Every structure is written in structure tokens, then in C-alpha cells.
Amino acid sequence: MQLFSRHLPDASLIEGIREGGPQRRLCENRLYEKYDYLIADGSRKHRLPTEDSASAYSDAVLSVIENLTTGRFEGRSELKTYLFQIFTNKCVDLIRKNTTNRQRVHDTLAYDDALLQHPDETRPIIDQLIAQYDIGQLRQQMQVLGNKCQEIILAWGDGYSDDEIAKTMSYNSAAVVKTTRLRCLEKLRELYRHMTP
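*Asks:* What is the right way to look at the nonpolar core in this model?
*Replies:* Considering soluble globular proteins, one finds that nonpolar side chains tend to be buried as a cluster. Within the largest apolar cluster, 28 residues are counted, with the highest numbers of intra-cluster contacts made by L31, Y57, V64 and L83. Listing elements by their share of this core, those giving two or more residues are α2 (10-19), α3 (21-34), α4 (38-46), α5 (50-70) and α6 (79-103). At 8 residues, the largest contribution of residues to this core is made by α5. Contacts of L31, omitting those with residues within four sequence positions, involve L13, I17, Y57, V61, V64, I65 and L79. The next biggest cluster of nonpolar side chains, apart from the first, holds 18 residues, and it includes L62, A155, Y171 and L182.

Below, the structure is given as C-alpha cells:
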């Protein structure tokens, strides 16, 4: 079944993701697995560490999933081509971000240990939250999220990879952990939006 489902036609994946329900999660995982060879391509072509390339790939898959569900993907290109273009853009963004972060290495800001070193686009979200609110409020809002979200965010903040979190917390794959983590961070951002006057 694993081998068969890994090679589901793109049309079936698109339909499953758009329909939602339990089928959606399965199709999201299959989409991730179907083109995950792009991670090695990204490492080679963009000279990125495998972990950075995997992070860019996960971000690209999440963007594709969002664009499928919101109707932004109109099917003018193959799904693989669409994913590849977004992935390439994410790799380039990561290279730019890493270059910018090297230049800011002497900037100092007091971070809670659980929120250090975010490898993807969620770092600006956390930076903004910390700039606007103190750590006590951030901890309070994280408690509202519930135990699973707290555990994932804190483990990730402690430097555990999505793969390690998936194994420790019994998730199906690193892709599921990443999707869950980003949804938790989005919920956190929503909580802060409701706090603003």
C-alpha cells in the first residue's frame, strides 16, 4: 500500500487535499513523499545543508497545500512543476535569510530558550510577537494552545528536528509534525491578534 499510495496520480492527490477530512492528511503525506527527492536536488544545486533543503521543501509543500485548498493553484502547470518552482524560491529565500542572519550576528535580543533558532519562515512571527509582548504573555498564550502544541513548539525550540519529534511523539512523519507545528504557531498568532485593541 505504501508503494502504491506514494505514486498516486497528482489529480487524486489534489482531489484528496481539497476534499478534506482524514483523506486530506493521507494525501498531504503522499504529496510530501512523492517529490521528496527534490530535497537532495536542492542541497546539490543550491549548496544547502540537507536539513535546510528539507525545511525549504516542507515549506514549499505546505504552500502548495494552502494554494490547493484556497484555489490559488489553477492547474495551468503540472503539480510537480508548481511545487518545484515554489521549492526553488524557498531555497533562494533561505540563502538570502542565512546571509542576512550572518550580518546580524552581533545583534542581541533576550529570547526565551524555548524560542531560539527557528529554521523556517516562522521566525519572523516569533520575533514580532516577542517585540510586541513580553515573554510572560507568550507563555500564557502558549498554555491556551494545549499540551500537544506546547510540546511540539518547545521541542522544536530546543533544537529537535521534525523527524525526532515525530518519533518521540508518535506522529506519522516529519511532514505531519511540521504541518501541525505551523498550524499551532498560526493559532498562537491568532490569539495575539485578538489581544490587540
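*Asks:* What is the right way to look at helix α9 (residues 147-157) in this model?
*Replies:* Side chains that are three or four residues apart share a direction in an α-helix, a result of its 3.6 residues per turn. Those residues of α9 that fall on the buried side of the exposure criterion are C149, Q150, I152, I153, A155, W156 and G157. Immediately beyond the C-terminal end of α9, within one or two residues, lies G159, with a positive phi of roughly 100°.

*Asks:* Any chance you could explain unusual backbone geometry here in plain terms?
*Replies:* What is expected of a backbone is that most residues other than glycine have negative phi and most peptide bonds are trans. Non-glycine residue R47 carries a positive phi angle of around 55°. Within the fold, R47 resides in the loop between α4 and α5. Its relative accessible area of 77% is what places R47 among the exposed residues. The residue S170 is not glycine, and still its phi comes out positive at about 60°. Within the fold, S170 resides in the loop between α10 (162-168) and α11 (174-195). Its relative accessible area of 65% is what places S170 among the exposed residues.

Cut-offs applied
Residues numbered from 1 in each chain as written. Predicted model: local features only at pLDDT ≥ 70, side-chain atom pairs only at ≥ 80, totals over all residues. Heavy atoms only, no water. Core = buried A, V, L, I, M, F, W, Y, C linked by side-chain atoms within 4.5 Å. Buried < 20%, exposed > 50% of the residue type's maximum accessible area, 1.4 Å probe, protein only. Helix = DSSP H or I, 4+ residues; strand = E, 2+ residues; numbered from the N terminus. Contact = heavy atoms within 4.5 Å.

Shape is all these values report; function is a separate question.
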